[in-house]
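Here's the letter readout for the chains.
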Amino acid sequence: MNENMSEQSMASFIHGLPKAELHIHIEGSLEPELMFELAKNNGVDIAYRSAAEVRAAYAFTDLQSFLDLYYDGARVLVEQDDFYALAFAYARTASAQNVRHAEVFFDPQTHTDRGVSFETVITGLRRAFEDAHRQFGMTSKLIPCFLRHLSAESALETLEQALPFKDWIVAVGLDSSELGHPPTKFAHVFEEARRHGFETVAHAGEEGPPDYIAQALDLLHVSRIDHGVRCLEDPDLVERLRRERIPLTVCPLSNVKLGVFPTLGDHNLVELLDAGLCVSLNSDDPAYFGGYIEDNFLAAQEALGLSRSQLRLLSRNAFEASFLDEDAKQVLIAELDRYSE
Ligand code: HPA
Ligand code: ZN
């Protein structure tokens, strides 16, 4: 490390910054090379001939155009070891970027609808994150998400499948196509999840209107909002998010790739921070959106001219917004406080 930290380059400051990642879909960390390897092992046909061809196909116009390819790519994941390989690869990369703690989404229905059991998926993921903890010291928690384009009944079945693995799961989430699938559709299943002791989170205000954020708070009683960037359209909602200190897990590269903002320079991250909101930076689907958490920090810093204290605040917010217990949070925040110029 540089002796004179004030001369430390921005890139190395960002690299070394202790981080937590709270918005990462493990299926979205499937790199084309692993996709090919698993397709071959499992005899799954894929529409591409090379990793370069896969990457070239990742030109999205909106959330749905991404989701179509993302669900298609997930078909190569069949065996428990495939989920292990996927999760271990993510943990290795995240740890190398100084992620100390990750809260990781997975989409059970994407797999159970193809005959891959909930148990196969979660056992592979769990083993990988246990090994990653031993090898890299990174802690993690798992968050199965309900696919909001499917029915509430299907979500309820998924919740039932999750119950035997309750001890491995911190929260349930809600993802997939937002428009036309408001949180209200899942009020009952989230109530059931909370009755079983799970925390709750939901994607809201990515493509959907600010009212979906309010619904997620009022009807799903979420502790965090994933994305939430459209909150700025409703000043009363912003004031509520600030007052109640509801975290937003923001994903800048994702937002640009899916057309939520035309360019990173147009992103409202600084306005969200200036409004006093508990914003963190995350990668969402790193294999599809051009980078992992460090790439998001670097790109956002460059496009928006973020200062070191803003970058530090983003990391602090992530630790605060995590589902770690208070002692574990304080250990990480103390590490962050020691990391300085
Ligand atoms: N939004 C909704 N669903 C998703 C996303 C997202 O950004 N990524 C993976 N599933
Ligand atoms: Zn997401």
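The preceding data block contains the structure.
To keep things clear, this report deals only with the structure shown in the data block. (Residues numbered from 1 in each chain as written. Chains lettered and ligands numbered in written order. Predicted model: local features only at pLDDT ≥ 70, side-chain atom pairs only at ≥ 80, totals over all residues. Heavy atoms only, no water.)

### Concerning the overall build of the protein chain
In terms of helices and strands, the protein chain carries 17 helices and 8 strands. Computed over C-alpha atoms, the radius of gyration of the protein chain comes to 19 Å, within 12% of the 20 Å expected from 2.2 N^0.38 for 341 residues, which places it in the range of a compact globule. For the C-alpha atoms alone, the extent of the protein chain along its principal axes is close to 55 × 40 × 40 Å. Among the 341 residues that make up the protein chain, the fraction classed as buried is 57%. Taking the intrachain contacts of the protein chain between residues at least 6 apart in sequence as the baseline, contacts between residues at least 24 apart amount to 77%. Carbon and sulfur atoms form 48% of the exposed surface of the protein chain, whose accessible area is close to 13300 Å². The positive charge centre, built from 29 side chains, and the negative charge centre, built from 55, are 4 Å apart in the protein chain. (Helix = DSSP H or I, 4+ residues; strand = E, 2+ residues; numbered from the N terminus. Rg over C-alpha atoms; globule rule 2.2 N^0.38 Å. Buried < 20%, exposed > 50% of the residue type's maximum accessible area, 1.4 Å probe, protein only. Contact = heavy atoms within 4.5 Å. Areas by Shrake-Rupley, 256 points an atom, 1.4 Å probe, with all protein chains shown as cover. Lys, Arg positive; Asp, Glu negative; His and termini not counted. Charge placed at Lys NZ, Arg CZ, Asp CG, Glu CD.)

### What about the sheet that holds strand E5 (residues 199-204)?
Read across the open sheet, the 8 strands follow the order E1-E2-E3-E4-E5-E6-E7-E8; overall the sheet is parallel. Since the sheet does not close on itself, it has two edges, and those belong to strand E1 (19-25) and strand E8 (279-281), each with one partner. Across the sheet, the mean angle from the axis of one strand to that of its neighbour is 25°, orientation sign disregarded. Here strand E2 (residues 99-106) runs beside strand E3 (residues 139-147); their pairing, made up of 6 bridges, is parallel. Residue pairing in the sheet places glutamate 103 in a bridge with lysine 141 of E3. Contacting E1 and E2, helix H5 (residues 80-96) crosses the sheet at an angle of about 145° to E2. With respect to the sheet, helix H16 (residues 308-321) is in contact with E1, strand E6 (224-227) and E8, its orientation differing from that of E1 by roughly 70°. (Pairing = 2+ DSSP bridges. Axes fitted to C-alpha atoms, helices over the stretch in contact; angles between N-to-C directions.)

### Let's talk about the site of ligand 1
Surveying the vicinity of ligand 1 reveals the residues His25, Leu63, Phe66, Leu67, Tyr70, Asp175, Ser176, His203, Glu206, His227, Asp284 and Asp285. Side-chain polar atom of histidine 25 to a nitrogen atom of ligand 1: 3.3 Å apart, as the coordinates give it. Within the side chain of glutamate 206, an N or O atom sits 2.8 Å from a nitrogen atom of ligand 1. Within the complex, 100% of the 260 Å² of free accessible area of ligand 1 lies under protein. The element best represented in the shell around ligand 1 is helix H4 (residues 63-73), accounting for 4 residues. (Near = heavy atom within 4 Å. Polar contact = N/O pair within 3.5 Å; in protein donor to acceptor, adjacent residues only side chain to side chain.)

### So, H4
For the α-helix, the turn length of 3.6 residues means that residues three or four positions removed from each other point alike. Those residues of H4 not exposed but buried are Leu63, Phe66, Leu67, Tyr70, Tyr71 and Gly73. Seen from one end, H4 has its buried residues packed into an arc of 155°, which puts them on one side. Next to the buried residues of H4 lie E1, helix H2 (32-42), helix H6 (108-112), E3 and helix H14 (286-289). (Arc of directions from axis to C-beta.)

### Details of the coordination of the zinc ion (ligand 2)
At this site the zinc ion (ligand 2) is bound by His23 (NE2), His25 (NE2), His203 (NE2) and Asp284 (OD), with donor distances of 2.0 to 2.2 Å. Coordination at the zinc ion (ligand 2) is irregular: its 4 donor atoms span angles of 81 to 174° at the metal. Here the donor residues of the zinc ion (ligand 2) share one chain and are spaced in sequence as H-x1-H-x177-H-x80-D. Of this pair, histidine 23 sits in strand E1 while histidine 203 sits in strand E5, and the two are 180 residues apart along the sequence. As far as the burial class goes, histidine 23 and histidine 203 line up, both buried. (Donors = N, O, S within 2.8 Å, 3.2 Å for Na, K, Ca; no water. Tetrahedral: all angles 85-135°; square planar, octahedral: opposite > 155°, others 65-115°.)

### Observations concerning the packing of H16 against helix H17 (residues 326-338)
At a minimum axis distance of 9 Å, the contact between H16 and H17 shows a crossing angle of 170°. If you check the angle between H16 and H17, you find them roughly antiparallel. Of H17, the residues touching H16 (which contributes Arg312, Ser315, Arg316, Phe319 and Glu320) are Lys329, Leu332, Ile333, Leu336 and Asp337. Considering only residue class, the contact of H16 with H17 consists of 4 nonpolar, 1 polar and 5 charged. (Parallel < 35°, antiparallel > 145°, perpendicular 65-115°, else oblique. Nonpolar A, V, L, I, M, F, W, Y, C, P; charged D, E, K, R; others polar.)

### A closer look at unusual backbone geometry
The phi angle at asparagine 98 is positive, at roughly 65°, despite the residue not being glycine. Along the polypeptide, asparagine 98 turns up in the loop between H5 and E2. With relative accessibility at 17%, the residue asparagine 98 sits in the buried group. The phi torsion at serine 176 lies on the positive side, around 80°, for a residue other than glycine. With respect to the helices and strands, serine 176 occurs in the loop between strand E4 (171-175) and helix H9 (187-195). Assessed through its relative accessible area of 6%, serine 176 is described here as buried.

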